[in-house]
Amino acid sequence: MNTYQRLPLSFKKGKGCWLWDQNGHKYLDAVAGIATCSLGHSDRVLRKELSKQLNKVQHISNLYQITEQEELASWLINNSCADKAFFCNSGAEAVEAAIKLARKYGHIKQGLDTPIILSAKGSFHGRTLAALSATGQKKYQKGFEPLLEGFRFFSYNNVNEIENLFKQIPSEGQQISAVIIEALQGEGGVNPGEKVFFKRLKELCEENKTLLILDEIQTGMGRCGHLWGYQQLGIEPDIFTTAKGLGGGHAIGSLLVKEHANLFEPGDHASTFGGNPFACKAGLTVAKEIERRNIIHNVQTRGMELKEGLIKITNIFSNHFSGVRGWGLLQGIVIRDDVDLTSQMIVKAGVQNKLL
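Residues numbered from 1 in each chain as written. Predicted model: local features only at pLDDT ≥ 70, side-chain atom pairs only at ≥ 80, totals over all residues. Heavy atoms only, no water.

Draft legend 1. Local environment of the overall build of the protein chain. Tallying secondary structure elements over the protein chain gives 12 helices and 14 strands in all. In terms of C-alpha radius of gyration, the protein chain reaches 21 Å, essentially the compact-globule figure of 21 Å for 356 residues. With the C-alpha coordinates aligned to their principal axes, the bounding extent of the protein chain is approximately 60 × 60 × 40 Å. Counting only residues that meet the buried cut, the protein chain has 48% of its 356 residues in that class. For the protein chain, the share of sequence-separated contacts (at least 6 apart) that also reach a separation of at least 24 residues comes to 67%. Just so you have it, the protein chain exposes about 18300 Å², and 51% of that area is on carbon and sulfur atoms. Between the averaged position of the 41 positive side-chain charges in the protein chain and that of its 36 negative side-chain charges there is a distance of 7 Å. (Helix = DSSP H or I, 4+ residues; strand = E, 2+ residues; numbered from the N terminus. Rg over C-alpha atoms; globule rule 2.2 N^0.38 Å. Buried < 20%, exposed > 50% of the residue type's maximum accessible area, 1.4 Å probe, protein only. Contact = heavy atoms within 4.5 Å. Areas by Shrake-Rupley, 256 points an atom, 1.4 Å probe, with all protein chains shown as cover. Lys, Arg positive; Asp, Glu negative; His and termini not counted. Charge placed at Lys NZ, Arg CZ, Asp CG, Glu CD.)

In structure tokens:
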């Protein structure tokens, strides 16, 4: 179906951060499958472990215990602030699970008839209907109305707006069950969270017994120079989502929660493919290789080099660019509003110079 504006490129093989097209031309891949290939293309260890897994078992139902799932859950819990994990297949599914959990929390823990979830303007949480309803960008929502009710929006990093909503909504006879927010807005323009804002947001959530949900789908698994984006901000969420880099290019997502938010019971939520042995072996391999290869340090080092290089470009072409922002390997160069230059033009020029 006509769902993608595809570039006229087709790749036959990849290795590390490089891809080769059908004509043998070599490209430096700065897309990484949209932030998923965390060990690079055709990684030797990932190939070996997944081949071994296929020789054992690739999929069994969640009606039974799954050893690989338990091992990955243990790693995620031991390396984060979470106590429990639920596995699904994608970031959007993880967000859907978080929204369902937030609504159940509102009903069960807060006694609410209509729980309200706050989200940031400029956010992006996925393409499914609930995730789309939580996304603070009209361009993604257009044509898919009516959206789900129960969402209110505030400006990212704006302390006054979030404080006003915590005052205003109870006065209207409603109550906030959760706030869902990205540690760094990716699709919204590479906007990093500010520590002062997130500190105040955490205080407001604790004061009002409101869940703080962090969308770590783009920022998680080391991409930003820490294993999790919330570590950049000096706070801990009650719930966070992860996907993309977790599977190293294979489909897996996860909802991670602290014990007080662990409210799902059998029958509340499920996934046929979520947490199957193959996907979890991919996630566990990625996790262990991040540790073994000290990839977080590499992200920090390469991230500094990337920022220095982008700053040089902005200095040379200051009539086109106005700055650089981001963390680690999630960085953006800011295009000036007053120039006739689009991101699509830059992408095309990059392809011509063998940069994706």
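After that view of the structure, there is still more to cover.
Draft legend 2. Representation of the sheet that holds strand E2 (residues 18–21). The sheet built from 3 strands is open, its strands ordered E1-E2-E3 with antiparallel pairing. Looking at strand neighbours, the two that pair on one side only are strand E1 (11–15) and strand E3 (26–28), the edges of this open sheet. Taken pair by pair, the neighbouring strands of this sheet meet at an average axis angle of 30°, ignoring direction. Sheet topology note: the E1/E2 ladder contains 4 bridges and is antiparallel. In the strand pairing of E2, phenylalanine 11 is matched with aspartate 21. (Pairing = 2+ DSSP bridges. Axes fitted to C-alpha atoms, helices over the stretch in contact; angles between N-to-C directions.)

Draft legend 3. View of the sheet that holds strand E7 (residues 176–182). Spatially, 7 strands are ordered E4-E12-E11-E10-E7-E5-E6 in an open sheet, and the strand pairing comes out mixed. Across the chains shown, the open sheet's two edge strands, defined by having one partner strand only, are strand E4 (84–88) and strand E6 (151–155). Each strand axis lies, on average, 20° off the axis of its neighbour in the sheet, ignoring direction. Sheet topology note: the strand E5 (residues 116–121)/E7 ladder contains 4 bridges and is parallel. Paired with isoleucine 116 across the two strands is isoleucine 176, which belongs to E7.

Draft legend 4. Broad picture of the layout of surface pockets. One number sums up the size of the second largest pocket: a volume of about 750 Å³. For the lining of the second largest pocket, the elements supplying multiple residues, two or more each, are helix H3 (67–78), E4 and strand E12 (253–257). Of the residues that constitute the lining of the second largest pocket, the class distribution is 15 nonpolar, 7 polar and 4 charged. (1 Å grid on protein atoms, 1.4 Å probe; cavity = no way out; pocket = protein on both sides within 12 Å on 5 of 7 lines; lining within 4 Å. Points joined across faces, edges and corners; volume = space filled by probe spheres on them. Nonpolar A, V, L, I, M, F, W, Y, C, P; charged D, E, K, R; others polar.)

Draft legend 5. How the structure looks around helix H11 (residues 295–316). Over its 22 residues, H11 runs 31 Å from end to end, which matches the ideal 32 Å to within 8%, given 1.5 Å per residue. Those residues of H11 that fall on the buried side of the exposure criterion are Ile295, Ile296, Val299, Gly303, Leu310 and Thr314. Within H11, the buried residues cover an arc of 80° as seen down the axis, which keeps them to one side. The exposed set on the far side of H11, more than 90 degrees from its buried face, consists of Met304, Lys312, Asn315 and Ile316. Where the residues of H11 are buried, they touch helix H10 (277–292), strand E13 (321–327) and strand E14 (330–335). (Expected span 1.5 Å × (residues − 1). Arc of directions from axis to C-beta.)

Geometric descriptors of this kind do not, in isolation, establish any biological role.
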